[in-house]
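Summary of structural features
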Amino acid sequence: VLNKIDRLEDKRRVSEMKRSVPLCMGISALHGENIQALCLMIEDVLSQGAQDVDVLLPKDRMDLVNLAYQNGLVQDVQFKTRGIHLKASLPLKVAGMIRLLAIDKSEELC
C-alpha cells in the first residue's frame, strides 16, 4: 500500500509500481482516495485462499520465485545443486502454476 499519493507530483509513478508489484495500491487516507478499492482488493486476495508449496524449481526459473514474492508469503528460498527450493504460502492459482512447472516431486529437495 502506497499512502500519501495526494503528495505525488507525478501520479504515473504509482502506475510504474503496479507493473512490478501487481498488488500495489496507491491511496490517500487524507482525501479517502482509493480506500474502497483497497478494501475490495484485500477482500479479493483473502477470499482466494492460500496453499502451501514446498517445491524444487528449475535453476533458470527465478521468475517463479519472483512471482511467489509478488503474490504470497515466501518462507524460504534455497539454491541447491539441482534447482531452487521454494517454500511459500500462495494463492491457489499461483500455487497450481508453480507446481506444474516444478521439477518432479519424486526427486529429493537437495
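Coordinates for the structure precede this section.
Residues numbered from 1 in each chain as written. Predicted model: local features only at pLDDT ≥ 70, side-chain atom pairs only at ≥ 80, totals over all residues. Heavy atoms only, no water.

For lysine 18, the position within the fold is in helix α1 (residues 12–20). By relative accessible area, lysine 18 is classed as partly exposed at 38%. Here the alpha-carbon distance between lysine 18 and glutamate 43, two residues 25 residues apart in the chain, equals 18 Å. (Helix = DSSP H or I, 4+ residues; strand = E, 2+ residues; numbered from the N terminus. Buried < 20%, exposed > 50% of the residue type's maximum accessible area, 1.4 Å probe, protein only.)

On to the state of the cysteines, then. Evaluation of the coordinates by the stated rule reveals 0 disulfides. The structure places no disulfide on cysteine 24, whose sulfur is separated from the nearest cysteine sulfur, that of cysteine 39, by 16 Å. In this structure cysteine 24 comes out as buried when scored by relative accessible area, which is 6%. Taking the relative accessible area as the measure of exposure, cysteine 39 reaches 43% and is therefore partly exposed. (Disulfide = S-S within 2.5 Å.)

Examined against the element boundaries, lysine 59 turns out to sit in the loop between β1 (50–57) and α3 (62–71). The spacing of lysine 59 and leucine 73 is 14 residues in sequence and 21 Å in space, taken between C-alpha atoms. Filtering out sequence-adjacent residues up to four positions away, lysine 59 remains in contact with Lys80, Thr81, Arg82, Gly83 and Ile84. A distance of 2.8 Å separates a polar side-chain atom of lysine 59 from the backbone oxygen of threonine 81. (Contact = heavy atoms within 4.5 Å. Polar contact = N/O pair within 3.5 Å; in protein donor to acceptor, adjacent residues only side chain to side chain.)

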